[in-house]
Amino acid sequence: MTAAKKSKKTDMKNKSSKLSVSDQFHEEFEETPTWTAVITVLGYAILSLLGWLRDFLRNIGIENKKTSQDPNPKNFVPLYQSYECFYTRNLYTRIRDVFNQPIASVAGATVDVMERISDDFNWTFKFTGKKLPSINLGSYNYLGFAENSGPCSEQAIKSIEKYGLTTCSTRHELGTQKYMIELEDLMAKYLNVEDCIAFGMGFATNALNIPALAGKGDLILSDRLNHTSLILGARLSGAVIRTFNHNDIKDLEFQLRNAIIHGQPRTCRPWKKILIIVEGVYSMEGSLCKLPEIIEIKKKYKAYLYVDEAHSIGAIGSRGRGVVDYWNVDPDDIDIHMGTFTKSFGSAGGYIAGKKSLIDHIRIYTHSGCYSLSMSAPVVYQIISALSIIMGLDGTNDGQKRIQQLACNVRYFRRQLVDMGFIVYGNDNSPVVPVMIFMPAKIAAVNREMLKRGCAVVTVGFPATLLTESRVRFCISAGHTKEMLDHALKAMDEVGHLVSLRYSNRNHSRRWNELNRANYDNEYISC
Amino acid sequence: MLESVRRFFKFIHWLYLQYLLNTALYMLEPWERALFSAFLFAIISTALYSAFVFLPHHVRSMIQFYS
């Protein structure tokens, strides 16, 4: 009844020598069990009915309206179409205390979450003043560089003393500091490409640079589960956007063939260019893109490839160089490498890398070159010092140790979760571990119970995911020790029993005590 | 003896929590929980009462009809 979509790596005759990890590519997306889907929909139905009842009571005046009211006078048209929509009022606000939780310390491997209580069912909050120290399983701190002591932060502090905080200028004017050139050179060397350019904001890197690369008369083929920044950039560019099913090479090929055969929609003229946009690691699913097959297709149909390695740079691959390193492909095959400094480097910003001619074009035509501020000195120095540690330029092998620690942690954590009977999406090697929850009330229950047991997790529901596919997303870090992971697994085991999260039909549901932990410990020590 | 009584109460509490979570009552205010539970109780008790009163007669007449 429940089919498993297991995608194994297919062997390609002329590239089999390059795919050294082909046997380790294992991705699973177990289908939702039928009863779970029925109960989830029923739960939403009950919530909607009661939401309508509450809205009715609010409208006739029995209950006072606590949402923000339209301040314009009565005979003006409303400023927003649905002033605070139904979902926000009736579903989101009821469990609002598990989202946007304020923290009171550096968000490293552990974090202090501020405790809040609410007297009127989450419409207003009060801080009790108490701080809850918890294991941080929600920050994208993959290599553990988000710390307030150590060589990176010392360099950042020294750079403030030397360069101040801001250049007060855009890149085109007086904003290109010496450290920007240093960063771009270092990043180009790291990625093994010709040139690189860095921007101040990761989201803006996508949103403002895709318009410089594509325009009217072009076709953009983007994966269905691409990030909002890619979708926004594609829409802003004015090109025609078509989506293909997630990681589905056959669908991509079908769309490409269709596009080339039929041409532009009305005029049937050939497309000026076709740009395929994929991500390295998809942050909500934990899946990796199938890069070698996409490159083969792109070369066959002569399209361009844009890879967004926001979550994979530094975290995937034997040397931490992203999906390019993981699949061992030639970096020149990918036309536009893009990534962010927010996740693995513990800083802020984004970059685009590739051939020198491409980067020269982007330097002139990007919107952020003349409209947004250049990066601040401590931010850049954090990246430079993190990069030198990862590349081993500071003389130690701390970087390689961190990368290996992350890989060990990910493997250890994922295998135990899967063996316990939870539905875990995604690739075995991705540091993003989404565990499915499905039902709306359980989103709040899991978050609160995990916080009670000392783990700060991120639970996501609609609109970040589909309505019936809410999940808890763990982000493993190289800063997590084995004791922290054990504590988190024990907590997840208890919470899983309390809230009954063990949905998997493929793996028998087991308690943590029943697992043969000697196996996992041996594997952890040996890797 | 006391341990097994405690475990029984824990089990009942766990069942109650499952009811609250699966019907999404966990996120509702207490009066909404009372309203929905009363509604559900009314429906189920009506169904059970009807079954209790009418089923024997229905079954007997069905057997008579088919024999």
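Residues numbered from 1 in each chain as written. Chains lettered and ligands numbered in written order. Predicted model: local features only at pLDDT ≥ 70, side-chain atom pairs only at ≥ 80, totals over all residues. Heavy atoms only, no water.

(A) Representation of the overall build of chain A in the model. Looking only at helices and strands, chain A features 16 helices and 16 strands. Along the three orthogonal principal directions, the C-alpha set of chain A runs to about 70 × 65 × 60 Å. Expressed as a percentage of its 527 residues, the buried residues of chain A come to 54%. Intrachain contacts of chain A at a sequence separation of at least 6 include 71% that bridge at least 24 residues. In the structure as shown, chain A presents an accessible area of about 24,200 Å², 55% of it carried by carbon and sulfur atoms. (Helix = DSSP H or I, 4+ residues; strand = E, 2+ residues; numbered from the N terminus. Buried < 20%, exposed > 50% of the residue type's maximum accessible area, 1.4 Å probe, protein only. Contact = heavy atoms within 4.5 Å. Areas by Shrake-Rupley, 256 points an atom, 1.4 Å probe, with all protein chains shown as cover.)

(B) Structural context of the interface of chain B and chain A. In this complex, chain B contributes 16 residues to the contact, which on the side of chain A involves 23 residues. Summed over both partners, the interface of chain B with chain A comes to about 1,800 Å²; 70% of that surface belongs to carbon and sulfur atoms. For the interface between chain B and chain A, the tally reads three salt bridges. When the shortest N-O distance is used, the salt bridge between Arg94(A) and Glu32(B) registers 3.0 Å. Across the contact surface, chain B and chain A share seven residue pairs in polar contact (both at pLDDT 80 or more). For the side of chain B that touches chain A, the secondary-structure elements that each account for two or more residues are α1 (2-22) and α2 (30-66) of chain B. Partitioning the side of chain B that touches chain A into residue classes produces 11 nonpolar, three polar and two charged. (Buried area = accessible area lost by both parts, 1.4 Å probe. Salt bridge = Lys/Arg side-chain N within 4 Å of Asp/Glu carboxyl O. Polar contact = N/O pair within 3.5 Å; in protein donor to acceptor, adjacent residues only side chain to side chain. Nonpolar A, V, L, I, M, F, W, Y, C, P; charged D, E, K, R; others polar.)

(C) Focus on the nonpolar core. Residue and element names in this part refer to chain A. The biggest cluster of nonpolar side chains holds 130 residues, and the ones touching the most others in it are Leu291, Phe345, Leu417 and Phe474. When residues of this core are assigned to their parent elements, the largest contribution, 10 residues, is made by helix α12 (residues 377-391). Leu213, Tyr306, Ile336 and Ile362 belong to the second largest nonpolar core, which has 18 residues in total. (Core = buried A, V, L, I, M, F, W, Y, C linked by side-chain atoms within 4.5 Å.)

(D) The arrangement of the side chain of Lys298(A) in detail. All names here are of chain A. Checked against the element boundaries, lysine 298 lands in helix α8 (residues 291-301). Owing to a relative accessible area of 8%, lysine 298 belongs among the buried residues under this scheme. Within polar-contact distance, the side chain of lysine 298 engages the side chain of aspartate 335 at 3.3 Å. Apart from residues no more than four positions distant in its own chain, lysine 298 is found in contact with Ile276, Ala303, Tyr304, Leu305, Asp333 and Asp335.

(E) Local environment of the sheet that holds strand β13 (residues 432-436) of chain A. All names here are of chain A. Read across the sheet, three strands follow the order β13-β16-β15 without closing on themselves; strand pairing throughout is antiparallel. Each of the sheet's edge strands pairs with one partner strand only, and the pair in question is β13 and β15 (458-460). The mean angle between the axes of side-by-side strands here comes to 30°, regardless of whether they run parallel or antiparallel. When β15 meets strand β16 (residues 471-475), the two strands line up antiparallel, connected through three bridges. Along β16, the bridge assignment pairs threonine 459 with valine 472. Its contacts with the sheet put helix α13 (residues 398-420) on β13 and β16, and the angle it makes with β13 is roughly 15°. (Pairing = 2+ DSSP bridges. Axes fitted to C-alpha atoms, helices over the stretch in contact; angles between N-to-C directions.)

(F) Structural detail: the packing of α1(B) against α2(B). All names here are of chain B. Relative to each other, α1 and α2 sit at 95°, their axes nearing to 12 Å. As far as their axial angle goes, α2 and α1 are roughly perpendicular. On the side of α1, the interface is formed by Tyr16, Tyr19 and Leu20, while α2 contributes Arg33, Phe36, Ser37 and Leu40. Across the contact of α1 with α2, the residue classes break down as five nonpolar, one polar and one charged. (Parallel < 35°, antiparallel > 145°, perpendicular 65-115°, else oblique.)

(G) Local environment of the UniProt feature "transmembrane region" (unreviewed entry) in chain B. Residue and element names in this part refer to chain B. According to UniProt, the "transmembrane region" (unreviewed entry) feature falls on residues 12-28 and 34-55. Structurally, residues 12-28 is divided into 65% helix and 0% strand, and its ends, taken at the C-alpha atoms, are 21 Å apart. As a span, residues 34-55 carries 100% helix and 0% strand, and end to end its C-alpha atoms are 30 Å apart. (UniProt positions renumbered as here; feature names shortened; annotations may be inferred.)

(H) Here's a closer look at helix α4 (residues 178-191) of chain A. Residue and element names in this part refer to chain A. Between its first and last C-alpha, α4 extends 20 Å over 14 residues, near the 20 Å set by a 1.5 Å rise per residue. Within α4, the full set of buried residues consists of Tyr179, Met180, Leu183, Glu184, Leu186, Met187, Ala188, Tyr190 and Leu191. A positive backbone phi angle near 65° is found at asparagine 192, which sits one or two residues after α4. (Expected span 1.5 Å × (residues − 1).)

(I) Structural view of unusual backbone geometry. Residue and element names in this part refer to chain A. Note the cis peptide between phenylalanine 462 and proline 463, where omega equals 0°. Its location among the elements puts proline 463 in the loop between β15 and β16. Positive phi is not limited to glycine here, since asparagine 192 has a value of about 65°. With respect to the helices, strands and loops of the structure, asparagine 192 is situated in the loop between α4 and β5 (195-199). The exposure class assigned to asparagine 192 is exposed, which follows from its relative accessible area of 56%. With a phi angle near 60°, lysine 302 is a residue other than glycine that sits in the positive phi range. As for its position among the elements, lysine 302 is in the loop between α8 and β9 (304-308).

(J) Fine view of the UniProt feature "domain: Aminotransferase class I/classII large" (unreviewed entry) in chain A. Residues given the UniProt feature "domain: Aminotransferase class I/classII large" (unreviewed entry) here are residues 135-491 of chain A. Secondary structure within residues 135-491 of chain A divides into 43% helix and 15% strand; the distance between the first and last C-alpha atoms comes to 11 Å.

(K) Region of interest: helix α6 (residues 228-237) of chain A. All names here are of chain A. Buried within α6 we find Ser229, Leu230, Gly233, Ala234 and Ser237. An end-on view of α6 places all buried positions within 135° of arc, on one side of the element. Along α6, the residues that are exposed and aim more than 90 degrees away from the buried face are Thr228, Arg235 and Leu236. In this structure, the buried side of α6 is in contact with α5 (202-213), β6 (219-223), β7 (240-244), β8 (274-279) and β9. Of the residues flanking the end of α6, it is glycine 238, one or two places downstream, whose phi is positive at about 90°. (Arc of directions from axis to C-beta.)

(L) Seen up close, the domain arrangement of chain A. Residues and elements named next belong to chain A. Along its sequence, chain A is carved into domain 1 (98-136 + 398-526) and domain 2 (151-391). Taking only C-alpha atoms into account, the centre of domain 1 sits 29 Å from that of domain 2. Facing the 19 residues of domain 1 at the interface are 18 residues of domain 2. Interface area for domain 1 against domain 2, summed over the two sides, is near 1,400 Å², with a carbon-plus-sulfur share of 59%. If you sort the residues of domain 1 by the area they bury against domain 2, Ile403, Val432 and Arg473 come out on top, with a joint share of 30%. Viewed at the interface, domain 2 and domain 1 are joined by one salt bridge. One salt bridge in this structure joins glutamate 285 and arginine 471, with 3.2 Å as the shortest N-O distance. Remark: the boundary between domain 1 and domain 2 carries eight residue pairs in polar contact (both at pLDDT 80 or more). At the level of secondary structure, the elements contributing two or more residues to the side of domain 1 that touches domain 2 comprise α13, β12 (426-427), β13 and β16. Sorting elements by how many residues they give to the side of domain 1 that touches domain 2 places α13 first, with six residues. Taken together, the residues that form the side of domain 1 that touches domain 2 break down as eight nonpolar, seven polar and four charged. (Domains from an automatic or database assignment.)

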